[in-house]
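An overview of the molecular structure
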Amino acid sequence: MTKTIVVGVDDSESASAAARKAAELALAFDGELHVLSAYGKFEAETFRSGSEEIHFTTEKDASDVASSVVAELRRDFPGLTLSYSPLEGKPGEALVQAAERLDADVIVVGNKRVQGIARVLGSIARDVAAHAPCDVYIAHTHQRR
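The following refers to the structure shown.

**Brief notes about unusual backbone geometry**
The residue D30 is not glycine, and still its phi comes out positive at about 55°. When you line up the elements, D30 lands in the loop between helix 1 (13-28) and strand 2 (32-39). One non-glycine residue, D103, lies in the positive phi region at around 55°. Inspection of the secondary structure puts D103 in the loop between helix 3 (91-102) and strand 6 (106-110). Exposure remark for D103: the relative accessible area of 62% places this residue in the exposed category.

**Here's the deal with the pattern of salt bridges**
With the rule as written, the count across this model stands at five salt bridges. Note that D64 and K60 form a salt bridge whose closest N and O atoms lie 2.8 Å from each other. Here the residue D64 and the residue K60 both occupy positions in helix 2 (residues 59-76), the gap between them amounting to four residues, near one helical turn. Its relative accessible area of 39% is what places D64 among the partly exposed residues. Among the residues examined, K60 registers a relative accessible area of 56% and is labelled exposed.

Scoring rules and cut-offs
Residues numbered from 1 in each chain as written. Predicted model: local features only at pLDDT ≥ 70, side-chain atom pairs only at ≥ 80, totals over all residues. Heavy atoms only, no water. Helix = DSSP H or I, 4+ residues; strand = E, 2+ residues; numbered from the N terminus. Buried < 20%, exposed > 50% of the residue type's maximum accessible area, 1.4 Å probe, protein only. Salt bridge = Lys/Arg side-chain N within 4 Å of Asp/Glu carboxyl O.

Written out as structure tokens, the structure reads:
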């Protein structure tokens, strides 16, 4: 049985770790992995990772990030069926919509911003888990501080 797995990425180590976990799952289940990256059409979306800021303002920026992650995964998981695409919208909402459209079996997200004060204010993982049309795998990608 082929499994359809989706993972959302940005240009962070946490997202790369989640993508690697998603690739491992897809390989184990003889599935296909869709690597997706969100972008904002009218204003820049800003994601903070420590002191680093990443701005996705265009479809091309998001496509470039997803393409880069897929290139790494192809090198490390040569037999895996992979695709990538940019998604317009907020990351959590865009992942859920893509999972619905692709009839995904699993959405993989990292645990970044799932602990501390950020868990109260919100996280992509929480948003996805609340609205996902399928199973959600929250990969341990970010250490507690």
